[in-house]
Amino acid sequence: MAMISEEHSKEKLGFEETELRLGLPGGGGIVNGDFGKNTNANGKRGYPETVNLKLNLSLKETEKGENLQKEKNLISCSNNAVKPPTKAQVVGWPPVRSFRKNVMAVQKSNSEEGVGGTATFVKVSMDGAPYLRKVDLNMYKSYQDLYGALGKMFNSFTMGKCDSQGMMDFMNESKLKDLLNGSDFVPTYEDKDGDWMLVGDVPWEMFVGSCKRLRIMKGTEAIGLAPRAMEKCKNRS
Amino acid sequence: MAQSFPEDVLEHVFSFLNYDKDRNAVSLVCKSWYEIERLCRRRIFIGNCYAVSSEIVIRRFPDVRAVELKGKPHFADFNLVPEGWGGYVYPWIVSLARAYPWLEEIKLKRMVVTDESLELISKSFKNYKVLVLLSCEGFTTDGLASIAANCRNLRELDLGESEVEDLSGHWLSHFPDNCTSLVSLNISCLGSEVSFCALERLVARCPNLKTLRLNRAVPLEKLPNLLCRAPQLVELGTGAYSAEIQSDIFSNLAEAFLGCKQLKGLSGFWDVVPAYLPAMYSVCSRITSLNLSYATAQNPDLVHFVSQCSNLQRLWVLDYIEDTGLEALAASCKDLHELRVFPSDPFDAEANVSLTEQGLVAVSEGCPKLQSVLYFCRQMSNAALVAIARNRPNMIRFRLCIIEPRAPDYLTLEPLDTGFGAIVENCKELRRLSMSGLLTDRVFEYIGTHAKKLEMLSIAFAGDSDSGLHHVLSGCESLRKLEIRDCPFGDKALLANATKLETMRSLWMSSCSVSFGACKLLGQKMPRLNVEVINERGLPDSRPESCPVEKLYVYRTIAGPRVDMPGFVWTMDEHVSSRLSRVTERRGD
């Protein structure tokens, strides 16, 4: 455990990455991809709408106005073209095969320092959903990017409270338990050691390097992970 | 006339027919020819595993030795087909195992293969020889262990670029000591280290080994050990082509390559250290096929190596080759048939290398036999495309991917209609075309008018209206496969050309403007088509008829609707309305 905190102190990612802040969910920048920069006075930003067929869980807006983008809605059958997504969001374009993408990603990360050679494509499952998906973590620049994409893939998934970088505040146990009790679903991941962790506990780049697969779990089930998440978090700081 | 030849004479004549097309033609001549042909057909190719059932195949062809099956649509390669869609091979293996105890060969592409399937293969066929799994998934190295252990006469094991769950490298050690029959082994997609000792002994005892493609985990220092034991190799895929720079490693390598007088094809080169490329110089002049598409070497090392291969016919390379490298290629490799240039950094909007349309134009000028192209680049012009078309009227496969969707001619800012129009007009033998860049309905008019031999067409982010699709479906007489994404094509063209779809293998349309209603109508009108709608967001609640479907996959079939569809795929046929209403009832809406 001591070694992990050493590694962390070496990694000069900028303090903003590791700073645990209180702040309401952001994410309005899904489509224009403009996350880190976009805060107004009180740090609040809009929430992406995700439309859910069964549960009608949409419309958790906290802020109106700038950057609130409505997702293209199959149900409303609008024929308006949606604003074209950023390149990172266009699935399957350019048409490079997954095998090739994975190999290039591994070769790239091997030639750079730091992040180890983990495959970029990870399987994503959601409890109760009849299908698995795969996401290429290299396509996203932050947790918010990822949550947005997951929200589009899995209707019932909307991300709960996290700070502007998408990281979770794990240091506060009661806050964590509130979050887990309050959310329907919480994203978790299996890391290189084979442990299941709550998503959002480490800076994004580190997460990409250590995530082997994702599982969107029911909030109540994820409670079991909370103590471990806090443990790992404590040991890092 | 037909009656005057005894059956075995006809059978002998038919044995010279290897192409399915010829055998199919022969079987249509008369009933007795049909009967004779079906009894002696040994190789079956099924381009869509859902187009026919194993029962039908087995009933018609009772004594088959080789089966080739393809599963998922091509766009599955680019993550457009959700996981769980289908393409399961197990039911086929069960039927084949029962019907063909003498089956020798199974080749699969884009199918889901389980360890169970592999074990069944390994135990069901008395003289099993060839297993080729291209872009497959669903199995682990345990399945490979069954194959290695049980197939006494295994000749070929090719894992292609499959997704294998790599539990350990131990599976290779399951080849028994008396297995000496291997001719081809491709394990390049595997991550785990196999026992080098076991590999070395295997290679040493297989005197007919011609193709050996290693995986990354085989270190460069050990490559000479293998080459010395297999100097007869024709195709080699190296493992990791990197090591510390040491003169003894280099000299061992160079000496080993010197001994490989039959080597014609090279691939691999993972993590390449350019300093080691010259170790191969002794074989370069004999090389006809070179796959450097995973080699991150740059110029001048890269171009220097490629230029040594004066007899090169096929080159796959990353865009690190740049325009200058392609110009050198055009000057030194006059026998070049096929060029594929892959992007080193496809997701970066900015170009990281100096590779433009100029490189492709140079190769089209300098290489008179060039007939097959796959080219990723960031800019293109009509002038360049027209030049390429004029230079190479013998082009058969032309796939161009301009990385930015809807990118116009960078010189004139116009659509690239004229350029691609020139390609289809000049290249009269064109069989496969993939387009990109800014394209209007006009290009489809050109295609419908000129591309009479075109069999496969891929379209993305192109066109203005249904007339684009209509031109293609009504004009392209030889069209077999059409795949479209993100184009404003809808119901009109689809329904107007419904009968065309029965003459094709398949049609894929995703993120277009085809409505549920049109799909239903198509499915009801055309009983010999499976009209499958893929909608991961479930079915629309309100005004479903006019809602656009996410993805549509239409294919001809004599097997009826499939029974293994996941929850997000629906077959649109005459029963669909009742099925859909039952689904919505169950959901309790």
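Please refer to the structure higher up on the page.
These lines cover the structure that appears in this document, whether it is placed above or below. (Residues numbered from 1 in each chain as written. Chains lettered and ligands numbered in written order. Predicted model: local features only at pLDDT ≥ 70, side-chain atom pairs only at ≥ 80, totals over all residues. Heavy atoms only, no water.)

### With respect to the overall build of chain A
Secondary structure summary: chain A contains eight helices and five strands in total. When the helices and strands of chain A are listed from N to C terminus, the series reads α-α-α-β-β-α-α-β-β-α-β-α-α. In chain A, buried positions account for 51% of the 237 residues. In chain A, the share of contacts with a sequence separation of at least 24, taken over all contacts with a separation of at least 6, comes to 59%. Approximately 11500 Å² of chain A is accessible, and the part contributed by carbon and sulfur atoms is 52%. (Helix = DSSP H or I, 4+ residues; strand = E, 2+ residues; numbered from the N terminus. Buried < 20%, exposed > 50% of the residue type's maximum accessible area, 1.4 Å probe, protein only. Contact = heavy atoms within 4.5 Å. Areas by Shrake-Rupley, 256 points an atom, 1.4 Å probe, with all protein chains shown as cover.)

### Quick word on the packing of aromatic side chains
Residue and element names in this part refer to chain A. Scanning all chains against the criterion turns up 26 aromatic pairs over all chains. An angle of 85° between the planes, with centres 4.8 Å apart, marks the rings of Y189 and F207 as edge-to-face. Placement of the pair is Y189 in strand β3 (residues 185-191) and F207 in helix α6 (residues 204-210), with a sequence separation of 18 residues. Exposure remark for Y189: the relative accessible area of 2% places this residue in the buried category. (Phe/Tyr/Trp six-rings, centres within 6.5 Å; stacked < 30°, edge-to-face > 60°.)

### What about the nonpolar core?
Counting residues in hydrophobic clusters, the biggest one holds 231 residues, and the most contacted among them are F207(A) and F398(B). Sorting elements by how many residues they give to this core places helix α4 (residues 143-153) of chain A first, with six residues. If sequence neighbours within four positions are ignored, F207(A) has contacts with L137(A), Y143(A), L146(A), Y189(A), V199(A), V202(A) and L214(A). Counting residues in hydrophobic clusters, the runner-up holds six residues, among them L10(B), V26(B), W33(B) and C40(B). (Core = buried A, V, L, I, M, F, W, Y, C linked by side-chain atoms within 4.5 Å.)

### Quick look at the pairing of strand β12 (residues 289-292) of chain B
All names here are of chain B. Going residue by residue along β12, you find S289 and N291 tucked away on one face and L290 and L292 tucked away on the opposite face as well. Here strand β11 (residues 265-267) runs beside β12; their pairing, made up of two bridges, is parallel. Paired with L266 across the two strands is L290, which belongs to β12. Two strands pair when backbone bridges link them, and β12 and strand β13 (residues 314-318) are joined in this way by four bridges, in the parallel orientation. Bridging from a neighbouring strand, N291 pairs with W316 of β13. Taken together, β12, helix α12 (residues 301-307) and β13 constitute a β-α-β crossover, and its handedness is right-handed. (Pairing = 2+ DSSP bridges. Right-handed = clockwise from strand over helix to strand, strands pointing away.)

### Describing the interface of chain A and chain B
Reports often express the size of an interface as the amount of accessible area lost when the parts come together. Contact residues are listed per partner, giving 33 residues for chain A and 47 residues for chain B. Carbon and sulfur atoms make up 56% of the surface buried where chain A meets chain B, a total of about 4100 Å² over both sides. Salt-bridge contacts for E161(B) lead to R97(A); the nearest nitrogen and oxygen are separated by 2.4 Å. On inspection of chain A and its partner chain B, the count reaches nine residue pairs in polar contact (both at pLDDT 80 or more). Secondary-structure elements contributing two or more residues to the side of chain A that touches chain B are α3 (98-111), β1 (121-126) and β2 (133-136) of chain A. Among the elements that line the side of chain A that touches chain B, the one with the most residues is α3(A), at ten residues. (Buried area = accessible area lost by both parts, 1.4 Å probe. Salt bridge = Lys/Arg side-chain N within 4 Å of Asp/Glu carboxyl O. Polar contact = N/O pair within 3.5 Å; in protein donor to acceptor, adjacent residues only side chain to side chain.)

### Re helix α8 (residues 196-205) of chain B
All names here are of chain B. Most of α8 sits inside the fold, with seven of its ten residues counted as buried. Considered for burial, the residues of α8 that qualify are F196, A198, L199, E200, L202, V203 and R205. Next to the buried residues of α8 lie β8 (184-186), β9 (211-213) and α9 (223-229).

### So, the sheet that holds strand β4 (residues 196-198) of chain A
Residues and elements named next belong to chain A. The five strands are arranged β2-β1-β5-β3-β4 in an open sheet whose pairing can be described as mixed. The strands lining the two open edges of the sheet, one partner per strand, are β2 and β4. Averaged over all pairs of adjacent strands, the angle between strand axes in this sheet comes to 30°, irrespective of strand direction. Pairing of β1 with β2, which is carried by four bridges, proceeds in the antiparallel orientation. From the neighbouring strand, F121 faces β2, where its bridge partner is D136. (Axes fitted to C-alpha atoms, helices over the stretch in contact; angles between N-to-C directions.)

### Considerations on the pattern of salt bridges
A complete count under the given rule lists 34 salt bridges over all chains for this structure. A salt bridge links D127(A) to R215(A), with the nearest nitrogen and oxygen atoms 3.0 Å apart. With D127(A) in the loop between β1 and β2 and R215(A) in strand β5 (residues 211-218), this residue pair connects regions lying 88 residues apart in the sequence. Owing to a relative accessible area of 24%, R215(A) belongs among the partly exposed residues under this scheme. Across the salt bridge formed by R65(B) and D63(B), the nearest N and O atoms sit 3.3 Å from each other. A residue is classified by how much of its surface remains accessible, and R65(B), at 27% relative accessible area, is partly exposed.

### A short note on the environment of T503(B)
All names here are of chain B. Tracing the chain through its elements places T503 in the loop between α20 (498-501) and β20 (506-510). Classification of T503 as partly exposed rests on a relative accessible area of 45%. Distance from T503 to P540, taken between C-alpha atoms, is 31 Å for residues 37 residues apart in sequence.

### Looking at a nonpolar patch on the surface
All names here are of chain B. Together, F5, V9 and V13 make up a nonpolar patch on the protein surface, roughly 230 Å² of accessible area in all. Mapped onto the elements, F5 comes out in the segment before α1 (7-14). Residue classification places F5 among the partly exposed residues on the basis of a relative accessible area of 40%. (Patch = residues over 30% accessible without salt bridge, like charges linked within 9 Å, V, L, I, M, F, W, Y side chains within 5 Å.)

### Considering the pairing of strand β2 (residues 66-70) of chain B
A regular strand carries its side chains on alternate faces of the sheet. Residue and element names in this part refer to chain B. Along β2, four of the five residues are buried, which leaves the element largely enclosed by surrounding structure. Pairing geometry for strand β1 (residues 43-46) and β2, over four bridges, is parallel. Across the sheet, F45 pairs through a bridge with E68, a residue of β2. With respect to chirality, the unit in which β1 leads through helix α4 (residues 54-60) into the neighbouring parallel β2 is right-handed. Summarising the sheet, β2 and strand β3 (residues 105-109) pair through five bridges and their orientation is parallel. The residue of β3 that forms the bridge with E68 is K107. Taken together, β2, helix α5 (residues 90-99) and β3 constitute a β-α-β crossover, and its handedness is right-handed.

### What about the side chain of N215(B)?
Residues and elements named next belong to chain B. Within the secondary structure, N215 is located in the loop between β9 and α9. Relative accessible area serves as the criterion here: at 0%, N215 is assigned to the buried category. Polar side-chain contacts of N215 include one of 3.1 Å to the backbone oxygen of L190. For N215, the residues in contact, after removing those within four places along its chain, are I187, S188, L190, G191, S192, G239, A240 and W270.

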